[in-house]
Amino acid sequence: MTKTALVLQGGSLRSIYTSGVLDVFMENNIEFDCIIAVSAGGLNAGNYIAKHIGRTARINLLHSNNANFVGFKQFLSKGSIFNFDYIFHSPIKDIYPYNDDAVVNTKQRLIITATNCETGDPVYFEKNNNYDEMVHAMRASCSIPLLCKPVSIDGMMCLDGGVSDPIAVKKAFAEGYDKVVVVSTRNSEYRKKNSITLKILYKLFYKKYPKLIAKLNDAPNLYNSIIEEINKMEQEKKIFVIRPTRETKIRVTEKDVRKLVGLYFQGREDAQILFPQMFSYINGEHSLK
């Protein structure tokens, strides 16, 4: 029996592209045995497992301009650009009720990726029967370096999983899954660039964590090498990738709702167009092109 995994990249508000893809999946009752997600991909994964069609998109589209949700007001008052209490608890959970039980009791595995500040290595937190622990792991995974404070999980300080494993394809295969579908929030040509300014800031902010600094400095090279591997695996039909067909510049604190709406519908459109090829890949048919 084929075992399937869905791997979700992060990307802050750019992950509204993933929201569009997953809404189409939910509308067509498409499920995977396991979802492995990083950063904002984890927020999408939580709503996908709970079968809340449109919830992630509504939150991002209707609240991205709210200074109590995201922005430098939050950074100055709380030390993090995102107000995670706002996102995971009140008022978001009051406005858009969330089915905790569906997530806790599902047979689908949910694995959230974060980065251990002490070692610079990825750590993987798996959903158990405790919703609050899952939310805490998502907080850690979403904590962007320099813009968010590290999150303590059982005494381990963690940051954004995108630093150490931005697209966890290798993890999916290591967990024994035969077919891996990736939803990326960047097009295939995008590559990250090294920044001297960021390297200076990393050294200043994270002097307690020399291994984290090394990982942060190497993060663009790591990301670019992973993309090369993913492109090669895609060509060899070992994985299936859904990604934006065109690049849209989206800031971490993007205020242009029109851009976000456009990226959401691009995700929907790409998912619908690629359905036949994705099913061929999952079912092992040779007609995949």
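Attention here is on the structure that accompanies the text. Here the structure is a predicted model, which is why all the values come from computation and not from measurement. (Residues numbered from 1 in each chain as written. Predicted model: local features only at pLDDT ≥ 70, side-chain atom pairs only at ≥ 80, totals over all residues. Heavy atoms only, no water.)

1. A word on the overall build of the protein chain
Short version of the rule: To qualify as a helix, a DSSP run of H or I must reach at least 4 residues; to qualify as a strand, a run of E must reach at least 2; elements of each kind are numbered from the N terminus. What the globule rule says is 2.2 Å times the number of residues to the power 0.38, and the radius of gyration is computed from C-alpha atoms. Only protein chains enter the accessibility calculation, which uses a 1.4 Å probe; a residue whose area is less than 20% of its type maximum is buried, one above 50% is exposed, and one in between is partly exposed. When charges are tallied, Lys and Arg are placed among the positive residues and Asp and Glu among the negative ones, while His and the ends of the chain are skipped. The atoms used to mark charge sites are NZ of Lys, CZ of Arg, CG of Asp and CD of Glu.
Scanning the protein chain for helices and strands turns up 12 helices and eight strands. Taken over the C-alpha trace, the protein chain has a radius of gyration of 18 Å; the compact-globule value for 289 residues is 19 Å, and the two agree within 12%. Out of the 289 residues in the protein chain, the part that is buried amounts to 55%. Taking the 38 positively charged and 30 negatively charged side chains of the protein chain as two groups, their mean positions are separated by 6 Å.

2. Quick look at the packing of helix α1 (residues 16-27) against helix α2 (residues 40-49)
We count it as follows: Geometry is summarised by axes, namely lines fitted to C-alpha atoms with helices restricted to the contacting stretch, and by angles between N-to-C directions that run from 0 to 180 degrees. The scheme is simple: roughly parallel for angles under 35 degrees, roughly antiparallel for over 145, roughly perpendicular for 65 to 115, oblique for anything else. Crossings are classed by handedness, with left-handed meaning an anticlockwise turn of the near helix from the far one by less than a right angle and right-handed meaning a clockwise turn. By definition in these notes, contact holds between two residues if any of their heavy atoms fall within 4.5 Å.
Their axes nearest at 10 Å, the elements α1 and α2 cross at an angle of 15°. It follows from the interaxial angle that α1 and α2 lie roughly parallel. Helix-helix and strand crossings are classified by hand; for α1 and α2 the assignment is right-handed. Note on element contacts: α2 touches α1 through N44, A45, N47 and Y48, opposite T18, S19, L22, F25 and M26.

3. As for the packing of aromatic side chains
Think of a pair of aromatic rings as described by two things: how far the centres are apart, and how the planes are tilted against each other in angle. Definition in use: For Phe, Tyr and Trp, rings pair up if their centres lie within 6.5 Å, where Trp contributes its six-membered ring, and each pair is then called stacked (planes under 30 degrees apart), edge-to-face (over 60) or tilted (otherwise). Whether a charge lies above a ring is judged from NZ of Lys or CZ of Arg, which has to be within 6 Å of the ring centre and within 35 degrees of the ring normal.
Inspection of every chain in the model, using the stated rule, returns 12 aromatic pairs. Seen from their ring centres, F25 and F275 are 6.1 Å apart, and the 25° between their planes marks the pair as stacked. Of this pair, F25 sits in helix α1 while F275 sits in helix α12 (residues 257-283), and the two are 250 residues apart along the sequence. Like F275, F25 is buried. Its end group placed over the ring of Y48, K51 keeps NZ or CZ at 5.4 Å from the ring centre. Positioned over the ring face of Y124 is K171, at 4.4 Å from the centre of the ring.

4. Here we look at the nonpolar core
The tendency in soluble globular proteins is for nonpolar side chains to be buried as a group. What counts is decided by this rule: Residues enter a nonpolar core if they are buried and are Ala, Val, Leu, Ile, Met, Phe, Trp, Tyr or Cys, with the set joined through side-chain atoms within 4.5 Å.
Core analysis: the largest hydrophobic core is formed by 84 residues, its most contacted members being L6, F25, I167, I239 and M278. The element best represented in this core is α12, accounting for nine residues. With residues up to four places along the chain from it excluded, the contact list for F25 reads L6, I30, F32, Y48, I242, F275 and M278. Of all hydrophobic cores here, the second largest spans 10 residues; its members include C117, L159, Y206 and L212.

5. Details of the side chain of T106
The condition that has to hold: Here a polar contact is taken to be a pair of N or O atoms separated by no more than 3.5 Å, where protein atoms must pair a possible hydrogen donor with a possible acceptor and residues adjacent in sequence count only if both atoms sit in side chains.
Along the chain, the position of T106 falls in the loop between α7 (100-105) and β3 (109-116). Separated by 3.1 Å, the side chain of T106 and the backbone nitrogen of Q108 make a polar contact.

6. Description of the layout of surface pockets
Rolled over the atoms, a probe sized like a water molecule indicates the empty space that remains. To keep it simple, the criterion reads: Site definitions follow a grid-based scheme: protein atoms alone, a 1 Å grid, a 1.4 Å probe that fits but cannot get out for cavities, and for pockets an open set with protein on both sides within 12 Å along at least five of seven lines, plus lining residues having an atom within 4 Å of a point. Grid points are joined across faces, edges and corners, and a volume is the space filled by probe spheres set on the points.
Approximately 910 Å³ is the volume found for the largest pocket. Residue lining of the largest pocket: 34 residues in total, with I144, D160, Y190, K192 and Y202 positioned closest to the centre. Within the residue set of the lining of the largest pocket, elements represented by two or more residues are α10 (196-205) and α11 (210-235). No other element matches the five residues that α11 contributes to the lining of the largest pocket.

7. As for the environment of F88
Checked against the element boundaries, F88 lands in helix α5 (residues 84-88). A relative accessible area of 7% places F88 in the buried class. Put simply, F88 and V135 are 47 residues apart on the chain and 7.2 Å apart in space, counted from C-alpha to C-alpha. If we ignore the near neighbours within four places in the chain, the residues touching F88 are L43, K93, Y131, V135, M138 and R139.

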